[in-house]
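Remarks on the overall topology
If you want the building blocks of each chain, they are given just below.
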Amino acid sequence: MQTIMWKPSKESIQNSQMSTFIKYVNHNFMIQIENYSQLYKWSLEHAEDFWESFWKFSGIIHHSKYNIVVDDITKMPGAKWFEGSTLNFAENLLRYKDNQIAIRFCGEDGVKSFLTYNSLYDQVAGLASAMKKQGIKKGDRVCGLLPNIPEAIIAMLASASIGAIWSSCSPDFGIQGVLDRFKQIEPKIIFTADGYKYNGKVINLFIKLKGILSELPSIQRTIIIPFISNGESVKISKSILWDDFIDSF
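Residues numbered from 1 in each chain as written. Predicted model: local features only at pLDDT ≥ 70, side-chain atom pairs only at ≥ 80, totals over all residues. Heavy atoms only, no water.

1. Observations concerning unusual backbone geometry
The amide bond that connects Met-76 to the next residue, Pro-77, takes the cis arrangement and shows omega of 0 degrees. Residue placement: Pro-77 occurs in the loop between strand E1 (68–70) and strand E2 (81–83). With a phi angle near 55 degrees, Met-30 is a residue other than glycine that sits in the positive phi range. Note on placement: Met-30 falls in the loop between helix H2 (17–29) and helix H3 (36–45). Judged by relative accessible area, which is 73%, Met-30 ranks as exposed. (Helix = DSSP H or I, 4+ residues; strand = E, 2+ residues; numbered from the N terminus. Buried < 20%, exposed > 50% of the residue type's maximum accessible area, 1.4 Å probe, protein only.)

Structure below.
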């Protein structure tokens, strides 16, 4: 393609985080990088300096500092980065608590919803509290059989905030495909929608879910998100609706 479809203005480039980062690098290393291409070249020639600069510039929240940026950069794959550091993935993603939009959702049927950072933080905190009272702790496995809906992100962040291990797959997987992923990790909780929408069709998940749960004896609780219904009760063993699960604790 010969025609440039879009090009940022000089003002937008100057106000970008990339430009701010370039100024940060120039100041700290007394160099004169002027654009992205030069920054890219410098990042290859000075990889350790680049990644340590990005760690500091981005303000990554961590609980213990790294001992070394990288042990052996010639080992690809296999190099160990920022060894010794510990951090929580969810804590970093939930650092913002304001009314800016964090999640924009648009369903296939045109239904739209929005979550601010404040709302996202509150919902993650509420779900994490319920999960801890259910007995979920660091190292436990939690899984999701979910379409791309805000609750999938909330459940993942709530799991990560506790230190639990999250695994998920799309609801259009076959039963065996789901079991191949989940059975080996022995999850304690599964989050699932009651169904999903695809290509104009509404697909109920309960028959598939029963087949999956019959082969997952480790599941102690099934949390159901009403996505295609109004939250009617369902005959799934050890199941509870999303809102009821949070409110029950």
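2. Concerning helix H7 (residues 150–162)
The terminal C-alpha atoms of H7, which comprises 13 residues, lie 19 Å apart, in line with the 18 Å expected from a rise of 1.5 Å per residue. Taken residue by residue, H7 has Pro-150, Ala-152, Ile-154, Ala-155, Met-156, Leu-157, Ala-158, Ser-159, Ala-160 and Ile-162 as its buried positions. (Expected span 1.5 Å × (residues − 1).)

3. Brief notes about the pairing of strand E4 (residues 112–116)
Of the strand pairs in this sheet, strand E3 (residues 101–106) and E4 are connected by five bridges, and their pairing is antiparallel. Bridged to Cys-106 within E4 is Lys-112. (Pairing = 2+ DSSP bridges.)

4. Here's the deal with the packing of aromatic side chains
Throughout the structure, instances matching the rule amount to 18 aromatic pairs. With 5.8 Å between their ring centres and 80 degrees between their planes, Phe-21 and Phe-50 make a pair best called edge-to-face. Taken together, the residues span a long stretch of sequence, with Phe-21 in helix H2 and Phe-50 in helix H4 (residues 47–58) at a distance of 29 residues. Under the relative-accessibility criterion, Phe-21 is labelled buried at 4%. Centroid distance Trp-51 to Phe-54: 6.2 Å. Interplanar angle 85 degrees. Geometry classified as edge-to-face. Pair noted here: Trp-51 and Phe-54 are both in helix H4, with a separation of three residues, about one helical turn. Through a chain of ring-to-ring contacts, three or more aromatic side chains come together here, namely Phe-21, Tyr-24, Phe-50, Trp-51, Phe-54, Trp-55, Phe-57, Tyr-66, Trp-81 and Phe-82. Lying over the aromatic face of Phe-227, Lys-197 brings its terminal NZ or CZ to 5.4 Å of the ring centre. (Phe/Tyr/Trp six-rings, centres within 6.5 Å; stacked < 30°, edge-to-face > 60°. Lys NZ or Arg CZ within 6 Å of the ring centre and 35° of its normal.)

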